[in-house]
Amino acid sequence: MFMRRWSGGLAVALLALAVLGRVVPAARAQQFVNGGPHDGDGAYGDGGRAYDPGSGLFVRRMSARAAANAIHERFGPRAAPFALPGAPRKARPGITPVAGNGAGPLGGGWTIWSTSELGFLRDKRPAKASRGHSVSFTLGLDRRLSERFTAGVSVNAVHARLKTFFKGGHTRNTSVTISPYINYAFTDWLSLDATGGYVYSAERLTRAIPGFATGRTHANGYTFSAALDASRWLDRWLLSGRAGIIVSHDDWRAYTESDGTFVAARTDKLTQGVLEASASLWLDPLMPYATVAYSRDLASSDPPGSDRDDWTLTSGIAYYGSGRFDGLTADLSASIILGRRKQRNATFAFGLRWTF
């Protein structure tokens with residue numbers, strides 16, 4: 001009798017385990033993709049919210065910053081250094097006093113410019129662990145409409161590819177931003193630039209955890225940035241400062257992965273404040289420079305308790321053409337973002353401006 005009861009109990013237990021074995025993995029699959037593991041105060045560290053299915057706000061933060069920095073470099077202190085009061089005497093002939101931001105040799109007041117960036121990204125948060133690279137290109141065209149006012153339009157494209165270790169897969173994220181922009185010079189040394197526009201983003205994803213699946217989604221959004229710049233020459237040194245804001249908003253559509261897993265819609269929101277100081281040294285026709293910038297997330301769709309601020313250290317050199325290359329400015333720089341405990345970003349950038 002005892003043996004029959006024991007064997008009957010064992011059979012019931014084995015049947016329960018078999019049922020659980022089929023139900024739990026399926027439940028975990030849905031939970032894992034749509035928001036299961038939490039990183040908050042627990043093992044993963046993201047404030048108790050489940051991770052995003054894709055590359056998330058980390059890539060968007062870098063993309064929005066790249067677009068805003070491109071506009072800033074177009075109108076920053078090194079774009080028109082010799083138009084500022086107290087500019088040093090230039091030994092090389094043919095360099096116009098307003099190189100990069102004036103009427104130029106043809107007197108048309110047009111400027112075409114581009115900025116290319118190669119970035120390396122790393123997120124060490126366990127529930128968002130990823131590593132990869134991004135490529136960004138911005139092309140702009142503007143015209144000086146009056147002595148103090150310039151208006152134009154730019155197109156920015158960013159492609160990022162990340163290995164997503166937390167789910168054994170990868171993401172490919174591409175975004176395109178179309179932005180009109182303006183610059184207004186209050187005085188010879190103080191100016192304001194602002195830009196805002198439409199952003200379209202698309203993302204392809206694969207994962208191997210808890211099972212293999214693929215998916216794709218896209219987003220519509222907008223971005224806005226504005227910055228106030230002040231610059232001053234001290235002998236051969238050009239000192240400048242900037243205070244700005246960057247706003248980004250993306251609405252990602254819901255989608256269904258190849259294994260039937262439904263992934264809910266999400267919204268990525270970010271508002272950043274930026275303070276920057278820069279020092280440049282005129283070594284005709286070159287101008288090496290160093291910049292330090294502080295950024296803080298004033299509002300974000302990342303959960304409370306996440307890393308909110310960082311420091312960007314940049315070193316670069318600008319070149320100013322003369323003779324038949326009068327009106328040409330080139331800029332090469334490298335930067336690294338520090339301060340966020342779990343996120344790293346290093347960028348190499350190359351810019352060109354031609355005034356005609």
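Residues numbered from 1 in each chain as written. Predicted model: local features only at pLDDT ≥ 70, side-chain atom pairs only at ≥ 80, totals over all residues. Heavy atoms only, no water.

## Looking at the overall build of the protein
The following threshold applies: Helical segments are the DSSP runs of H or I of at least four residues, strand segments are the runs of E of at least two, and each set is numbered from the N terminus. Here, residues are in contact when the closest pair of their heavy atoms is within 4.5 Å. Throughout, the Shrake-Rupley method with a 1.4 Å probe supplies accessible areas, and for residues the shown protein chains are the sole cover considered.
The secondary structure content of the protein amounts to 2 helices and 14 strands. Across the protein, every contact between residues at least 6 apart in sequence was considered, and the portion connecting residues at least 24 apart equals 63%. A total accessible area of about 16900 Å² is found for the protein, and carbon and sulfur atoms account for 64% of it.

## Topic: the nonpolar core
Defined as follows: Definition used in this section: a nonpolar core is a set of buried Ala, Val, Leu, Ile, Met, Phe, Trp, Tyr and Cys residues joined via side-chain atoms within 4.5 Å. Each residue gets one of three labels from its accessible area relative to the maximum for its type: buried under 20%, exposed over 50%, partly exposed in between, using a 1.4 Å probe on protein chains only.
Grouped together as the largest cluster of nonpolar side chains are 8 residues: F82, L84, W233, L238, W282, M287, A318 and Y320. With sequence-adjacent residues up to four places away left out, A318 is seen in contact with P285, L286, M287, Y289, A330 and D331. Ranked by size, the runner-up nonpolar core spans 6 residues in total, among them V59, L121, L162 and I337.

## Side note on the packing of aromatic side chains
Let me state the cut-off plainly: Paired rings are identified among Phe, Tyr and Trp, the last through its six-membered ring, by centres lying within 6.5 Å, and are further divided according to the angle between planes into stacked (under 30 degrees), edge-to-face (over 60) and tilted (the rest).
Considering all chains together, one arrives at 9 aromatic pairs under this definition. Ring plane angle 50° and centroid distance 4.9 Å describe the contact between Y294 and W311, whose orientation is recorded as tilted. In this pair, Y294 sits in strand 11 (residues 286–300) while W311 sits in strand 12 (residues 309–320), placing the two residues 17 residues apart along the sequence. Under the relative-accessibility criterion, Y294 is labelled partly exposed at 22%.

## Observations concerning the pairing of strand 14 (residues 343–355)
Under the convention used in this document: The pairing criterion for strands is at least two bridges between them, as found by DSSP.
In strand 14, alternate side chains face the same way, and those of Q343, N345, T347, A349, G351, R353 and T355 are buried while those of R344, A346, F348, F350, L352 and W354 on the opposite face are not. Note that strand 1 (residues 110–123) and strand 14 share 13 bridges and pair antiparallel. Pairing of E117 across the sheet is with A349, part of strand 14. Pairing of strand 13 (residues 328–338) with strand 14 involves 10 bridges; the strand directions are antiparallel. From the neighbouring strand, I337 faces strand 14, where its bridge partner is N345.

## Some points on the pairing of strand 1
In this structure, strand 1 lies alongside strand 2 (residues 130–144), joined through 14 bridges in antiparallel fashion. Across the sheet, residue T115 finds its bridge partner in strand 2, namely T138.

## Some details on a nonpolar patch on the surface
What counts, and what does not: Every patch collects residues that have over 30% relative accessible area and no salt bridge, joining them within 9 Å if they carry like charges and within 5 Å if they are nonpolar side chains (Val, Leu, Ile, Met, Phe, Trp, Tyr). What makes a salt bridge here is a side-chain nitrogen of Lys or Arg within 4 Å of a carboxyl oxygen of Asp or Glu, nothing more.
Taken together, L283, L286, I317, L332, F350 and L352 make up a surface patch of nonpolar side chains, about 490 Å² in accessible area. In this structure, L352 sits in strand 14. Overall, L352 belongs to the partly exposed group, its relative accessible area being 34%.

## Digging into the environment of G76
When you line up the elements, G76 lands in the loop between helix 2 (56–75) and strand 1. Taking the C-alpha atoms as reference points, G76 and R242, 166 residues apart in sequence, are found 8.8 Å from one another.

## What about the sheet that holds strand 10 (residues 266–281)?
Heads up, the condition is: Axis definition: a line fit to C-alpha positions, over the contact stretch in the case of helices; interaxial angles, taken between N-to-C directions, run 0 to 180 degrees.
Pairing is antiparallel around the closed barrel formed by 12 strands, whose spatial order is 1-2-3-4-5-6-7-10-11-12-13-14. Across the sheet, the mean angle from the axis of one strand to that of its neighbour is 15°, orientation sign disregarded. Pairing geometry for strand 12 and strand 13, over 10 bridges, is antiparallel. Looking at the pairing, T312 lines up with I337 of strand 13.

## Thoughts on a positive patch on the surface
The cut-off we apply is this: In this tally, Lys and Arg are treated as positive and Asp and Glu as negative; His is ignored, and so are the chain termini. The location of each charge is read from NZ of Lys, CZ of Arg, CG of Asp or CD of Glu.
A cluster of basic residues, R122, K124, R131, R161, K163, R172, R204, R216, K342 and R344, forms a positive patch at the surface. With respect to the element layout, K342 can be found in the loop between strand 13 and strand 14.

## Regarding the confidence of the model for the protein
How we decide: pLDDT runs from 0 to 100 and stands for how confident the predictor is about each residue.
With 77% of its residues at a pLDDT of 70 or more, the protein shows a mean pLDDT of 79. The least confident element of the protein, judged by mean pLDDT, is helix 1 (residues 2–34) at 40; the most confident is strand 7 (residues 237–252) at 95. Ignoring residues within four places in sequence, the model shows residues 95–107, a span with pLDDT below 50, making 43 contacts including any to other chains.

## Comments concerning unusual backbone geometry
Cis peptide bonds are those with omega within 30 degrees of zero, and the linkage from I209 to P210 qualifies with 0°. Note that P210 resides in the loop between strand 5 (190–207) and strand 6 (213–234). Residue P285 is reached from D284 by a cis peptide bond, and omega for that bond is 10°. Along the polypeptide, P285 turns up in the loop between strand 10 and strand 11. The backbone of D235 sits at a positive phi, close to 60°, despite the residue not being glycine. Along the polypeptide, D235 turns up in the loop between strand 6 and strand 7.

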